[in-house]
Amino acid sequence: MDIALDHVVINTRFEMDEAARLMEGLGFQLTPRGFHPTLGSINHLMVFKRDYLELIGLPRDAKIIRQELIDSPIGLNGLVFASQDAAATREDVVSHGFTAQPVQHFARPLVIDGTEHEARFSAVRLALDSFAAGRLYFCQHHTPELIWRPEWMAHPNGVTDILELVITSADPAATRADYERLGHIGGDFKPTIIDADALRDRFSELAQHALERPEQFAAVTLRSRNPQLAAERAKALALPHDATDGRVVVALPAFASLIEFVA
């Protein structure tokens, strides 16, 4: 089947305040903090033209514990593809040999221009051991107009799209084959699967801030109208970074992740 990126997730666990501070400092426009009543999780989105980055976490006084966030590593830990029909998507992924959880329906309240709304979703989550690098699932948006709003898509750092997720694997060929079994990934986005040595070659000293596990989502690449804006902001935040013409890489050591900004 043909599949397209919906969003990439950064797991903050109980460190949402710090993650939001860093992302705002890097020039992202964050949506107001959301809360999933039935799941117990909180989130912020950084919405782009067709996709978005999501910060997901738990409030420190959480009454409901979303166990998958506790069990999953902190940092880049979710790759989410779009679905137009969650039930049909589940049938497709199971037919390709994957184990999928039952379709999950959930919602979160939000206020826009003083009016209360409810953003509604249906998700098909693959079993946690399907991909060792992180969680993979599909998301159907029932209310996309509540997510892709102009006021949330204007980022001071000029970011417009997610282009790539860099995934480290001890066996890149086998991992690539698993992703190919999912289907053809269309659009500008692509997963790049490499080993730890190739990650070091690509990101030099900054790779040390992402090399924690043999299999992980290590870096996300974003298109920006002016990547150098991210370098200025990273310097102000005292974050490790590297800037060359048309490319800036920023490390988030507290979240074992790299963000690459390219023109």
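Residues numbered from 1 in each chain as written. Predicted model: local features only at pLDDT ≥ 70, side-chain atom pairs only at ≥ 80, totals over all residues. Heavy atoms only, no water.

## Some thoughts on the overall build of the protein
Across its full length, the protein holds 6 helices and 16 strands. Computed over C-alpha atoms, the radius of gyration of the protein comes to 17 Å, within 12% of the 18 Å expected from 2.2 N^0.38 for 263 residues, which places it in the range of a compact globule. Reported as C-alpha extents along the three principal axes, the dimensions of the protein are approximately 50 × 45 × 35 Å. With 263 residues in all, the protein has 55% of them scored as buried. The long-range fraction of contacts in the protein, counting pairs at least 24 apart against all pairs at least 6 apart in sequence, stands at 69%. Here the protein displays about 11400 Å² of accessible surface, and carbon together with sulfur accounts for 50% of that area. Distance from the positive charge centre (25 side chains) to the negative charge centre (36 side chains) of the protein: 3 Å. (Helix = DSSP H or I, 4+ residues; strand = E, 2+ residues; numbered from the N terminus. Rg over C-alpha atoms; globule rule 2.2 N^0.38 Å. Buried < 20%, exposed > 50% of the residue type's maximum accessible area, 1.4 Å probe, protein only. Contact = heavy atoms within 4.5 Å. Areas by Shrake-Rupley, 256 points an atom, 1.4 Å probe, with all protein chains shown as cover. Lys, Arg positive; Asp, Glu negative; His and termini not counted. Charge placed at Lys NZ, Arg CZ, Asp CG, Glu CD.)

## Details of the sheet that holds strand β14 (residues 241–244)
Judged by pairing direction, the sheet is mixed, and its 6 strands sit side by side in the order β12-β10-β13-β16-β15-β14 without closing on themselves. In this open sheet, the two strands that pair with only one neighbour each are β12 (190–194) and β14. Recorded for the sheet is a direction-independent mean angle of 20 degrees between the axes of neighbouring strands. Bridge analysis of strand β15 (residues 247–252) against strand β16 (residues 257–262) gives 6 bridges, and the strand direction is antiparallel. Pairing of A251 across the sheet is with L258, part of β16. (Pairing = 2+ DSSP bridges. Axes fitted to C-alpha atoms, helices over the stretch in contact; angles between N-to-C directions.)

## Focus: helix α6 (residues 228–236)
All of the buried residues along α6 are A230, A231 and A234. End-on, the buried residues of α6 take up no more than an arc of 105 degrees, which puts them together on one face. Residues E232, K235 and A236 are exposed on α6 and point more than 90 degrees away from its buried face. Those residues of α6 that are buried are in contact with β14, β15 and β16. (Arc of directions from axis to C-beta.)

## Details of helix α4 (residues 172–182)
Considered for burial, the residues of α4 that qualify are P172, T175, Y179 and L182. For α4, the angular spread of the buried residues around the axis is 65 degrees, confining them to a single face. Seen from the open side of α4, the exposed residues pointing more than 90 degrees away from its buried face are A173 and E180. Each element contacted by the buried residues of α4 is listed here: β1 (2–3), β6 (75–82), β9 (135–141), β10 (159–168), β12 and β13 (216–224).

## Digging into empty space enclosed by the protein
Inspection of every chain in the model, using the stated rule, returns 1 cavity of 30 Å³ or more. Roughly 150 Å³ of volume is contained in the largest cavity. For the lining of the largest cavity, the secondary-structure elements that each account for two or more residues are β2 (5–13), β4 (42–47), β5 (52–57), β7 (104–112), β8 (115–125) and β9. Residues that form the lining of the largest cavity fall into these classes: 9 nonpolar, 3 polar and 5 charged. (1 Å grid on protein atoms, 1.4 Å probe; cavity = no way out; pocket = protein on both sides within 12 Å on 5 of 7 lines; lining within 4 Å. Points joined across faces, edges and corners; volume = space filled by probe spheres on them. Nonpolar A, V, L, I, M, F, W, Y, C, P; charged D, E, K, R; others polar.)

## Brief notes about the environment of Q84
Counting through the fold element by element, Q84 comes out in the loop between β6 and α3 (86–95). Judged by relative accessible area, which is 72%, Q84 ranks as exposed. Remark: the alpha-carbon pair of Q84 and H105, spanning 21 residues in sequence, is separated by 14 Å.

## With respect to the sheet that holds β7
Read across the sheet, 8 strands follow the order β3-β4-β5-β2-β6-β9-β8-β7 without closing on themselves; strand pairing throughout is mixed. Bordering the open sheet on either side are β3 (34–35) and β7, each of which pairs with just one other strand. As paired strands, β4 and β5 are joined by 6 bridges and run antiparallel to one another. Residue pairing in the sheet places V47 in a bridge with Y52 of β5. Strands in contact with α3 are β8 and β9; relative to β8, the strand with the most contacts, it is inclined by about 20 degrees.

## A word on the layout of surface pockets
In this structure, the largest pocket occupies an estimated 160 Å³ of space. Looking at the largest pocket, the residues that line it are A4, L5, R50, D51, D161, I162, G186, G187, D188 and F189. Of the residues that constitute the lining of the largest pocket, the class distribution is 4 nonpolar, 2 polar and 4 charged.

The values reported here are purely geometric and, on their own, carry no functional implication.
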